[in-house]
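# Structure assessment
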Amino acid sequence: MVFEEDGSLDPLLKFLLYAVIALAVGKMLWKWLTEDVMRWITVDLWRLVAGHPWWTALTVVGGLTLLLLLVGLLSGLSGAGAYQYVDEAEIVDEPEVLTFKLKQLASMSASGFEQACADLLARDGFRQPRRVGGAGDLGADVTAWDGDDRLVILQCKQYSSPVGSGHVQQFNGTARPHHGADVPIMIALNGFTQPATDFARRHALLLVSRRELRLWAHGQHLYEVLGIESAA
């Protein structure tokens with residue numbers, strides 16, 4: 001059949017028709033390239049060059065000179081203001097600041113989250129930050145010393161829901177009595193319940209909720225986030 005049921009041309013015949021058209025067009029192009037273009041290059045253009053050698057040389061030299069001037073002008077315009085001389089003493093390499101996104105912290109393992117908190121303490125200038133969390137840590141996941149020689153104890157909770165009052169009470173029972181913390185801080189990726197917040201306020205425990213954690217992880221100093229004054 002020449003046509004399909006919907007009235008369209010048979011696919012095989014359509015392919016053959018396109019092939020014939022492509023061959024005809026290709027033959028025309030090849031003839032034009034091999035005969036007309038080649039004749040213009042080898043005969044007409046050469047005849048012009050041979051008949052007027054000086055004018056041809058001047059035209060070529062002038063065209064190249066104009067092209068070089070145009071390229072130089074465009075380069076100058078595109079590069080204007082892009083470079084300037086700077087005194088080497090003014091060049092200061094700013095160090096990269098360690099930051100985390102909350103999505104990154106949420107995707108870490110529990111020990112990875114604790115290590116990230118220790119790394120942020122190191123970034124803020126705390127001395128000897130160490131991850132000590134594990135079985136039997138009694139609430140101390142990270143320890144460090146601040147500039148005033150105060151012992152900082154962190155407990156890091158990566159829970160998917162707010163931390164309840166029971167966990168805060170347990171931390172309160174070990175942070176100062178057992179570990180001797182001067183600055184006990186509890187960190188919760190997804191915040192604390194209201195009873196937990198109320199208990200921490202009564203017992204002078206510092207809480208880093210989701211909002212404070214975002215500020216700290218994005219580059220702000222921990223003590224600045226918590227409003228802690230430091231002589232250092």
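Residues numbered from 1 in each chain as written. Predicted model: local features only at pLDDT ≥ 70, side-chain atom pairs only at ≥ 80, totals over all residues. Heavy atoms only, no water.

## Regarding unusual backbone geometry
In most cases, non-glycine residues show a negative phi, while peptide bonds are predominantly trans. One non-glycine residue, Q128, lies in positive phi territory at about 50°. Note on placement: Q128 falls in strand β1 (residues 127-131). On the basis of relative accessibility, which here comes to 56%, the residue Q128 falls in the exposed class. Of note, the phi angle at A204 is positive, near 55°, even though the residue is not glycine. Mapped onto the fold, A204 is located in the loop between α6 (194-202) and β5 (206-208). Look at A204 and you get partly exposed, because its relative accessible area is 48%. (Helix = DSSP H or I, 4+ residues; strand = E, 2+ residues; numbered from the N terminus. Buried < 20%, exposed > 50% of the residue type's maximum accessible area, 1.4 Å probe, protein only.)

## A look at the nonpolar core
Nonpolar side chains in soluble globular proteins generally cluster together in the buried interior. Ranked by size, the top nonpolar core spans 28 residues in total, and within it L105, L154, I185, I187, L213 and W216 carry the most contacts. Where this core is concerned, the elements lending two or more residues are α3 (102-107), α4 (110-123), β2 (142-145), β3 (151-157), β4 (183-188), α7 (210-217) and α8 (222-226). Of the residues forming this core, the biggest block, six residues, is contributed by α4. Beyond its immediate stretch of four places on either side in the chain, L154 contacts C117, L121, G139, A140, D141, V142, I185, I187 and W216. (Core = buried A, V, L, I, M, F, W, Y, C linked by side-chain atoms within 4.5 Å. Contact = heavy atoms within 4.5 Å.)

## Structural notes on α7
Those residues of α7 that sit buried are E212, L213, W216 and A217. Within α7, the buried residues cover an arc of 130° as seen down the axis, which keeps them to one side. In this fold, the buried residues of α7 make contact with α3, α4, β3, β4, β5 and α8. (Arc of directions from axis to C-beta.)

## A look at the packing of helix α5 (residues 165-175) against α6
Running from N to C, α5 and α6 cross one another at 25°; their axes reach a closest spacing of 8 Å. Comparing their axes, α6 and α5 come out roughly parallel. Of α6, the residues touching α5 (which contributes S165, V168, Q169 and N172) are P195, A196, F199 and A200. (Axes fitted to C-alpha atoms, helices over the stretch in contact; angles between N-to-C directions. Parallel < 35°, antiparallel > 145°, perpendicular 65-115°, else oblique.)

## Concerning a nonpolar patch on the surface
Residues L17, Y18, I21, V25 and L29 make up a contiguous nonpolar surface patch of about 490 Å² in total accessible area. Of note, L17 is situated in helix α1 (residues 11-51). (Patch = residues over 30% accessible without salt bridge, like charges linked within 9 Å, V, L, I, M, F, W, Y side chains within 5 Å. Areas by Shrake-Rupley, 256 points an atom, 1.4 Å probe, with all protein chains shown as cover. Salt bridge = Lys/Arg side-chain N within 4 Å of Asp/Glu carboxyl O.)

## Points about the pattern of salt bridges
All chains considered together, the criterion is met by seven salt bridges. Between R150 and D148 there is a salt bridge; the shortest N-O distance is 3.3 Å. Between E212 and R211 there is a salt bridge whose closest N-O contact spans 3.3 Å. Exposure remark for E212: the relative accessible area of 15% places this residue in the buried category. By relative accessible area, which is 52% here, R211 ends up exposed. Overlapping salt bridges bring together D146, D148 and R150 as one network.

## Concerning the sheet that holds β3
Spatially, the five strands line up as an open sheet ordered β1-β2-β3-β4-β5, and their pairing is mixed. Taken across any chain shown, the strands that pair with only one partner, and hence form the sheet edges, are β1 and β5. Averaged over all adjacent pairs, the angle separating strand axes in this sheet is 20°, with direction ignored. Across the sheet, α7 touches β3, β4 and β5, and the angle it forms with β4 is around 100°. (Pairing = 2+ DSSP bridges.)

## As for the packing of aromatic side chains
Following the criterion strictly, the structure yields one aromatic pair and no others. With a centroid separation of 5.1 Å and 90° between ring planes, the pair formed by F126 and Y223 is classed as edge-to-face. Taken as a pair, F126 in the loop between α4 and β1 and Y223 in helix α8 lie far apart in primary sequence, 97 residues in all. The residues F126 and Y223 share a single accessibility class, namely buried. (Phe/Tyr/Trp six-rings, centres within 6.5 Å; stacked < 30°, edge-to-face > 60°.)

Read these as layout, nothing more, since geometry by itself doesn't imply function.
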